[in-house]
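Here is what each chain is made of, one letter per residue.
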Amino acid sequence: MIDIPIDDFIFVVCALIGGGLLLITVLLDDILGAVFDFDVGGVSLMPLLLSFVSMFGVGGIFASQVLQAESGQAAIVGVGFGLAGLGIAYLLFSTLKRAESPPPFSTKDLIGRDAFVQVGIPAGHYGSVLVKAEGQTHEFSATATVDVQAGTTARVSGVAGAGLIVEPVGSAGGPPPVQGGNDGA
């Protein structure tokens, strides 16, 4: 029978379980990440902790098997490896977080914007408006408390489901021009 020292067993278990759970966390991000619903500098705590645990195990195995260190010394080397792994994981995950695109606009972001009334809106019923957002013109169904004539400008005052609530503000104009780039939305 093979006699495995308890410290080596602990290091191997840390490396395998920490590394395995880290892999699962990276592949299935939101499942294990929901356990720790807080972050450190924009990075979820779960991959940071798992990186530390797995690298602690790797460092401890390295120190005890390659450097022939005693248990306490191997644990100190393991902590050093764990902190290095935590730092690397933080750098990688924070870089990935910064590379994410911003969320798309929602209809609530359109409140206060002007809209061109494309299809007239009878009071309490729906018509159609064009609103410029994200550098493009978007068509939305819209309702109003008063009649709003087609070809006029209205201001978005609220959201009704997937549609908009508008109020008249001006006279005949034209559809909002489509321009390239971002208009600050």
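To be clear, the structure that these remarks concern was listed above.
Residues numbered from 1 in each chain as written. Predicted model: local features only at pLDDT ≥ 70, side-chain atom pairs only at ≥ 80, totals over all residues. Heavy atoms only, no water.

**Q** Break down the packing of aromatic side chains for me, with residues and values.
**A** In this structure the tally under the stated criterion is three aromatic pairs. Judged by centre distance (6.3 Å) and plane angle (15 degrees), the rings of Phe52 and Phe56 are stacked. One end of the pair is Phe52 and the other is Phe56, both in helix α3 (residues 45-65) and four residues apart, which spans about a single turn. Of the aromatic side chains, those joined through ring pairs into one cluster are Phe11, Phe52 and Phe56. (Phe/Tyr/Trp six-rings, centres within 6.5 Å; stacked < 30°, edge-to-face > 60°. Helix = DSSP H or I, 4+ residues; strand = E, 2+ residues; numbered from the N terminus.)

**Q** With reference to specific residues and values, describe helix α1 (residues 6-27).
**A** For α1, with 22 residues, the first-to-last C-alpha span of 31 Å sits near the 32 Å given by 1.5 Å per residue. Among all positions of α1, only Asp7, Asp8, Phe11, Cys14, Ala15, Gly18, Leu22 and Thr25 are buried. Each buried residue of α1 sits inside an arc of 140 degrees when the element is viewed along its axis, so together they form one side. The exposed residues of α1 that point more than 90 degrees off its buried face are Ile6, Leu16, Leu23 and Leu27. (Expected span 1.5 Å × (residues − 1). Buried < 20%, exposed > 50% of the residue type's maximum accessible area, 1.4 Å probe, protein only. Arc of directions from axis to C-beta.)

**Q** Can you lay out the pairing of strand β5 (residues 136-143) for me, pointing to particular residues and giving the numbers?
**A** Direction of pairing for strand β4 (residues 126-133) relative to β5: antiparallel, over a ladder of eight bridges. Bridging from a neighbouring strand, Val129 pairs with Phe140 of β5. Taking the residues that link successive antiparallel strands as the turn, the β4-β5 hairpin has two residues, and the phi of Glu134 there is positive, at about 55 degrees. In this structure, β5 lies alongside strand β7 (residues 163-168), joined through two bridges in parallel fashion. For Thr143, the partnering residue across the bridge sits in β7 and is Ile165. (Pairing = 2+ DSSP bridges.)

**Q** Give me the lowdown on the pattern of salt bridges, citing residues and values where you can.
**A** Counted according to the given criterion, the structure contains one salt bridge. One salt bridge in this structure joins Asp114 and Arg155, with 2.9 Å as the shortest N-O distance. On the criterion of sequence distance, the pair formed by Asp114 in strand β3 (residues 114-119) and Arg155 in strand β6 (residues 153-160) is long-range, its members being 41 residues apart. Since its relative accessible area comes to 41%, Asp114 is described here as partly exposed. (Salt bridge = Lys/Arg side-chain N within 4 Å of Asp/Glu carboxyl O.)

**Q** Break down the packing of α1 against α3 for me, citing the residues and quoting the values.
**A** At a closest axis distance of 7 Å, the pairing of α1 and α3 adopts a crossing angle of 145 degrees. When the axes of α1 and α3 are compared, the crossing they make is left-handed. (Axes fitted to C-alpha atoms, helices over the stretch in contact; angles between N-to-C directions. Left-handed = near helix turned anticlockwise from the far one by under 90°.)

**Q** Describe the nonpolar core, and please don't skip the residues or the numbers.
**A** As a rule of thumb, soluble globular proteins bury nonpolar side chains together. Counting residues in hydrophobic clusters, the biggest one holds 15 residues, and the most contacted among them are Ile121, Val129, Val131, Leu164 and Val166. Among the secondary structure elements, those contributing two or more residues to this core are β3, β4, β5, β6 and β7. Ranked by residue count, the leading element in this core is β4, at three residues. Apart from residues no more than four positions distant in its own chain, Ile121 is found in contact with Tyr126, Gly127, Ser128, Val129, Ala142, Thr143, Ala144, Val146, Asp147, Val148 and Val166. (Core = buried A, V, L, I, M, F, W, Y, C linked by side-chain atoms within 4.5 Å. Contact = heavy atoms within 4.5 Å.)

**Q** So what about the environment of Gly124? Which residues, and what values?
**A** Tracing the sequence through the fold places Gly124 in the loop between β3 and β4. You can call Gly124 exposed: its relative accessible area is 55%. Not counting chain neighbours up to four residues away, the residues in contact with Gly124 comprise Thr143 and Ala144.

**Q** Could you give an account of the packing of α3 against helix α4 (residues 71-99), naming the residues involved and the relevant values?
**A** The N-to-C vectors of α3 and α4 enclose an angle of 145 degrees; their axes lie 6 Å apart at closest approach. In this structure, α3 crosses over α4, and the sense of that crossing is right-handed. Taken together, the residues that form the contact of α3 with α4 break down as 18 nonpolar, seven polar and no charged. (Nonpolar A, V, L, I, M, F, W, Y, C, P; charged D, E, K, R; others polar.)

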